[in-house]
Amino acid sequence: MVLALTVCGVVVALVVVGLFVFGLRRRLIQRSGGTFDCSLRWDVPEKGDPSGKGWSYGVARYNGDRVEWYRVFSYAPRPRRLLERSAIEVAGRRAAEGEEELALLSDAIILACLHRGTRLELAMSEDALTGFLAWLEAAPPGQRVNVA
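What counts and how
Residues numbered from 1 in each chain as written. Predicted model: local features only at pLDDT ≥ 70, side-chain atom pairs only at ≥ 80, totals over all residues. Heavy atoms only, no water. Salt bridge = Lys/Arg side-chain N within 4 Å of Asp/Glu carboxyl O. Helix = DSSP H or I, 4+ residues; strand = E, 2+ residues; numbered from the N terminus. Buried < 20%, exposed > 50% of the residue type's maximum accessible area, 1.4 Å probe, protein only. Domains from an automatic or database assignment. Contact = heavy atoms within 4.5 Å. Buried area = accessible area lost by both parts, 1.4 Å probe. Pairing = 2+ DSSP bridges. Axes fitted to C-alpha atoms, helices over the stretch in contact; angles between N-to-C directions. 1 Å grid on protein atoms, 1.4 Å probe; cavity = no way out; pocket = protein on both sides within 12 Å on 5 of 7 lines; lining within 4 Å. Points joined across faces, edges and corners; volume = space filled by probe spheres on them. Nonpolar A, V, L, I, M, F, W, Y, C, P; charged D, E, K, R; others polar.

An unreviewed UniProt entry annotates the chain as DUF2550 domain-containing protein originating from Streptomyces populi.

The next subject is the pattern of salt bridges. Where charged atoms from two side chains of opposite charge come close, those side chains can pair. The tally for this structure, following the rule as stated, stands at 8 salt bridges. Of the charged contacts in the structure, one is a salt bridge between Arg41 and Glu100, with a shortest N-O distance of 3.0 Å. With Arg41 in strand 2 (residues 39–42) and Glu100 in helix 2 (residues 100–103), the pair connects residues that are 59 residues apart, well separated along the chain. Accessibility assignment for this pair places Arg41 and Glu100 in one class, buried. Three or more residues joined by partner-sharing salt bridges are found here, namely Arg41, Arg94, Glu100 and Glu121.

Attention now moves to the domain arrangement of the chain. Domain boundaries assigned for the chain yield domain 1 (1–31) and domain 2 (34–137). Facing the 8 residues of domain 1 at the interface are 12 residues of domain 2. Carbon and sulfur atoms supply 55% of the area buried between domain 1 and domain 2, which totals about 870 Å² over both sides. It is Phe22, Arg25 and Ile29 that lose the most area in domain 1 upon contact with domain 2, and together they represent 65% of the buried surface on that side. In this structure, the connection of domain 1 to domain 2 is made through 0 salt bridges.

Right, let's talk about the sheet that holds strand 8 (residues 118–124) for a bit. Reading across the sheet, the 4 strands line up as 2-8-7-6 and stay open at both edges, with antiparallel pairing between neighbours. Of all strands in the sheet, those with a lone pairing partner are strand 2 and strand 6 (88–95), marking the two edges. Across the sheet, the mean angle separating the axes of adjacent strands is 20 degrees when strand polarity is ignored. The sheet contact formed by strand 2 and strand 8 spans 4 bridges and is antiparallel. Residue Trp42 lies in a different strand from strand 8, and its bridge partner there is Leu120. Across the sheet, helix 3 (residues 126–137) is in contact with strand 6, strand 7 (109–115) and strand 8; its angle to strand 6 comes to roughly 160 degrees.

By the definition in use, this model includes 1 cavity of 30 Å³ or more. Along the walls of the largest cavity sit Phe36, Cys38, Ala60, Val67, Trp69, Leu83, Leu122, Met124 and Phe132, which together make up its complete lining. Among the secondary structure elements, those contributing two or more residues to the lining of the largest cavity are strand 4 (66–71) and strand 8. The residue inventory of the lining of the largest cavity, partitioned by class, reads 9 nonpolar, no polar and no charged.

As structure tokens, then:
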């Protein structure tokens, strides 16, 4: 009986520590500001896929001339993807369709992009989209930016 209570106590403590580390990591990512909730789907087929598969929920952070994208459900201290402003080409935007509505945050706008030959989609709120497009267009003189 004592062994079972000890094991249960250890499991509960590990769960609490794990949740605390998730919260601490998110706080550290957001500490410098310029963050927004952003789901990402990498290497999207050319036709598109409204099934909702492949979306990962994350937090994006502006850092100079690039956006750092972090998965929410990860302990990794480094960003999962780095998107450079000069390499991003916006192909279009659309609303979530079909099962995508269940996989994404409510009222998310999907931005189809091309980054160094890789097709990707970013899903974010209308406010975050406005900020992202403004950031893209605010590139220093001499940089090529393609916004559809």
